[in-house]
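Here is how the chains run, residue by residue.
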Amino acid sequence: MRMSTMGERAGVAQHTKVTLIFLRYVWRGRGLAAILVALTLIAGALVSACGARVPTPQPLEPVGADPHIWASFDQRPSGVAVVGERVFVSFPRWFGYDGPTLAEVVDGQVVPWPDDATQDGDDPRDLRSVLGVRADGAGRLWVVDAAARVNATAATSSFSNVARVVVFDIASGDELFRRAFDLPDGPALLNDVAVDERHGHAYLTVTGLGAPSRLIVWDFVRNRDHSALVGHPAISADPQLVLTVDGVPVIRNDEHGGGPWQVGANSVAVLDDHVFVGATGNGTLYRIPSAALRDTSLDDTTRATRLEAWADKPPSDGLAVDGQQLWLTDVSTGALHVYVDGRGATWFRSPLLSFPTAVALTEHHAWVTASQLHLAPHVQRNGQDAATPPFLLLRLPR
C-alpha cells in the first residue's frame, strides 16, 4: 500500500491543493476558531435557558484550524487511534482489497500491525477485516474485527456471524485478550467500541444493514456479554430519513436490494456515567446511564425508559470524547462537530472530509479519516467504485 505524508502532497489532486492554500491563509487563526465555537456553545446555553430548542448545526464556512493532510492512502481507511507519536489505522477488506487490515504509519509507510502473521489469514484467529480501533488509558489498543467482506454484489459479500474484539498491548504488540460475539443472521457488522475502564466494560455497536441494530455490553473483567436495545428505534436507521451526501441520496444498487442505504447503530462513546450512541441514519444522539446497560437483571423495555434524546445530530459515524466535549463526524456534509451539554457547533467543514468515518483526539489535534464510502460499489448503480483516491487522514489543530 502506498502512502504519502504532508511532504508528498504533490500527488494529491489539484483542487485539494487549492482548498488547502485557501484555508491556510484565511482560516489559520486557531484562537478565532476557539472563540467562534465557544460563542456558539454559549449562545446555545442561553437559548436553552429560555426553553427553546437549538437546531442541528447548519452548514457554515470552515471554522477551526488549518487542515493538514497527514497521510493519504490508495485504500479506504476506517478507524484511527493515536497514542503519543504512534498512529494506527484500519482498512476493512472490502471491495476486493486484500492488503493489511490493521496498520501503523511508520516513516511514511503503512506497516501491518502488530505484524504480517497476525493478519495473513493462515490461522482462524488472524485479523480478517477491521473497522473500529480505540486506544484506552492503560496502553491498550482495542481492535474491532468485523470479519466481514462487503463487495459490489450481495452474492459476493459475506457477513460473519462470529466477529470479535482483540485487545493488544501497544508497547509490545502482544495480544492481551479477545472475545468473539455471536451476531444475528442477516446483514450486520460489529462496528465500533467504547471502553469504560472505570467499570470494566466495553460497549459495542452492531450496525444493522437489514438485521436489527443492537449494543453488545461486554464485561471484560469477567469475560461475559449480553445484548441490549435490540432493534430499538433510538439506535436504528429512521425509515423516513434518506441519507444524503453533498445533497445526493445514497441508494444501494439492485444487487444489494435497492432503495436508500439504511445504516443503524454506529457512533458510540462513554462520558462520565453515560453511554452515547447514534445510528448513522438517525437524526438524534442518545445517551443512557451505563448502569442501565450493565445491569443484566433489566430487560430492554426497562432499559428503553432510561434512554434520553441528548442532541440533534446529522448523519454520523465517528464519535470521540475529550473532557466534557463530544466530537462527531458528519458524513452528510463533510464536517466535524463538537458538542457540550447537548449543544453542537461546527468545528471544521471541508470537501477534504469526504464521508469521515472516525475521529481520534490528542492534546493538540483531531485526527479524522475520510473514506468516500458513499461512492463505494455497493451504492453505485453500475456496481463500480466512483471514488477518487487518494483517501485521506487529516490532522486538525485544536
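Scroll up to find the structure this text is about.
A. How the structure looks around the overall build of the chain. Counting its secondary structure elements, the chain contains four helices and 27 strands. When burial is assessed residue by residue, the chain has 58% of its 398 residues classed as buried. In the chain, of all internal contacts separated by at least 6 residues, the share reaching a separation of at least 24 is 56%. Total accessible area on the chain is roughly 16,200 Å²; 52% of this is exposed by carbon and sulfur atoms.

B. Layout of the packing of aromatic side chains. All chains considered together, the criterion is met by 16 aromatic pairs. A centroid spacing of 5.2 Å and a plane angle of 75° characterise the contact between Trp70 and Trp367, whose relative ring orientation is edge-to-face. A residue pair is termed long-range when its members are at least 10 positions apart, and Trp70 in strand E2 (residues 68-73) and Trp367 in strand E26 (residues 365-370) qualify at 297 residues. For the residue pair Trp70 and Trp367, the accessibility class agrees, reading buried in each case. Ring centres 5.4 Å apart and planes at 75° place the aromatic pair Trp113 and Phe168 in the edge-to-face group. Here Trp113, found in the loop between strand E6 (109-112) and strand E7 (130-135), pairs with Phe168, found in strand E9 (residues 162-169); they are 55 residues apart in sequence, far enough to count as distant.

C. The pattern of salt bridges, seen in detail. Enumeration according to the criterion identifies 16 salt bridges in this entry. For the salt bridge of Glu104 with Arg86, the shortest nitrogen-to-oxygen distance reads 2.9 Å. Remark: Arg86 occurs in strand E4 (residues 86-90) and Glu104 occurs in strand E5 (residues 102-106); sequence separation between them is 18 residues. For Glu104, a relative accessible area of 10% puts it in the buried group. Between Asp136 and Arg140 there is a salt bridge, with its nearest N and O atoms 2.6 Å apart. For the pair Asp136 and Arg140, a shared accessibility class is recorded, and that class is buried. Beyond isolated ion pairs, a larger network of salt bridges with shared partners links Arg125, Glu175 and Arg178.

D. Representation of a negative patch on the surface in the model. Judged by side-chain charge, Asp115, Asp116, Asp120, Asp122 and Asp123 come together as a negatively charged surface patch. Taking the relative accessible area as the measure of exposure, Asp122 reaches 68% and is therefore exposed.

E. Layout of the environment of Gly208. Of note, Gly208 is situated in strand E12 (residues 201-208). For the pair Gly208 and Gly231, spaced 23 residues apart in the sequence, the C-alpha separation amounts to 8.5 Å. Setting aside anything within four residues of it in sequence, one finds Gly208 in contact with Pro187, Ala188, Ser213, Gln262, Val263 and Gly264.

F. Main features of the nonpolar core. Of all hydrophobic cores here, the largest spans 19 residues; its most connected members are Tyr203, Leu229, Val275, Ile288 and Leu293. Every element with two or more residues in this core is listed here: strand E13 (214-219), strand E17 (265-271), strand E18 (274-279), strand E19 (284-289) and helix H3 (290-294). Ranked by residue count, the leading element in this core is E17, at three residues. If sequence neighbours within four positions are ignored, Tyr203 has contacts with Asp192, Val193, Ala194, Asp196, Ile216, Val217, Val268, Val270, Val275, Ser290, Leu293 and Arg294.

G. Quick peek at the pairing of E4. Burial of E4 is extensive: four of the five residues sit out of reach of the surface. Two elements, strand E3 (residues 80-83) and E4, share four bridges in a ladder whose sense is antiparallel. Within the sheet, the bridge partner assigned to Val80 lies in E4 and is Val89. The hairpin turn running from E3 into E4, its antiparallel successor, is two residues long, and Gly84 in that turn takes a positive phi close to 60°. Bridge analysis of E4 against E5 gives three bridges, and the strand direction is antiparallel. Residue pairing for E5: Val89 is matched across the bridge by Ala103.

H. Seen up close, the sheet that holds strand E23 (residues 335-340). Sheet architecture is open: four strands sit in the order E21-E22-E23-E24, paired in antiparallel fashion. In this open sheet, the two strands that pair with only one neighbour each are strand E21 (316-322) and strand E24 (343-349). Between one strand axis and the next, the sheet turns through 25° on average, direction left out of account.

I. Up close: the pairing of E18. When you tally the buried positions in E18, you get five out of six residues, the bulk of the element. In terms of strand pairing, E17 meets E18 through six bridges, oriented antiparallel. Each residue of the ladder has a partner; that of Leu271, found in E18, is His274. Following E17, the chain reverses through two residues before pairing antiparallel with E18; Asp272 in that reversal takes a positive phi of roughly 55°. Here E18 pairs with E19 via four bridges, running antiparallel. Bridge assignment links Val275 to a residue of E19, and that residue is Ile288. Linking E18 back to E19 in an antiparallel pair, the connection comprises four residues.

Parameters at a glance
- Residue positions are given per chain, counting from 1 as you read along its sequence in written order.
- Local features are withheld for residues below a pLDDT of 70 in this predicted model, meaning they are given only at 70 or higher, and side-chain atom pairs are given and counted only at 80 or more; totals for whole chains, interfaces and linings count all residues.
- Hydrogens and water molecules were not included; the side-chain quantities draw on all heavy atoms of the structure.
- Numbered from the N terminus, helices here are DSSP runs of H or I no shorter than four residues, and strands are runs of E no shorter than two.
- Accessible area is worked out with a 1.4 Å probe on protein chains only. A residue is then buried under 20% of its type maximum, exposed over 50%, and partly exposed in between.
- Any pair of residues with heavy atoms lying within 4.5 Å of one another is described as a contacting pair.
- With residues, only the protein chains shown are counted as cover, and all accessible areas are computed by Shrake-Rupley using a 1.4 Å probe.
- Pairing of aromatic rings covers Phe, Tyr and Trp, the last counted by its six-membered ring, and requires centre-to-centre distances within 6.5 Å; plane angles under 30 degrees mean stacked, over 60 mean edge-to-face, and any other angle means tilted.
- Note on definitions: salt bridges are taken to be side-chain nitrogens of Lys or Arg within 4 Å of carboxyl oxygens of Asp or Glu.
- Patch membership is restricted to residues that have no salt bridge and whose relative accessible area is over 30%. Joining uses 9 Å for like charges and 5 Å for the nonpolar side chains Val, Leu, Ile, Met, Phe, Trp and Tyr.
- Positive residues here are Lys and Arg, negative ones are Asp and Glu, while His and the chain termini are left out of the count.
- The atoms used to mark charge sites are NZ of Lys, CZ of Arg, CG of Asp and CD of Glu.
- Residues belong to one nonpolar core when they are buried, are Ala, Val, Leu, Ile, Met, Phe, Trp, Tyr or Cys, and are joined through side-chain atoms within 4.5 Å.
- At least two DSSP bridges between two strands are needed for those strands to be called paired.
- Between N-to-C directions, angles cover 0 to 180 degrees, with each direction set by a line fitted to C-alpha atoms, over the stretch in contact for helices.

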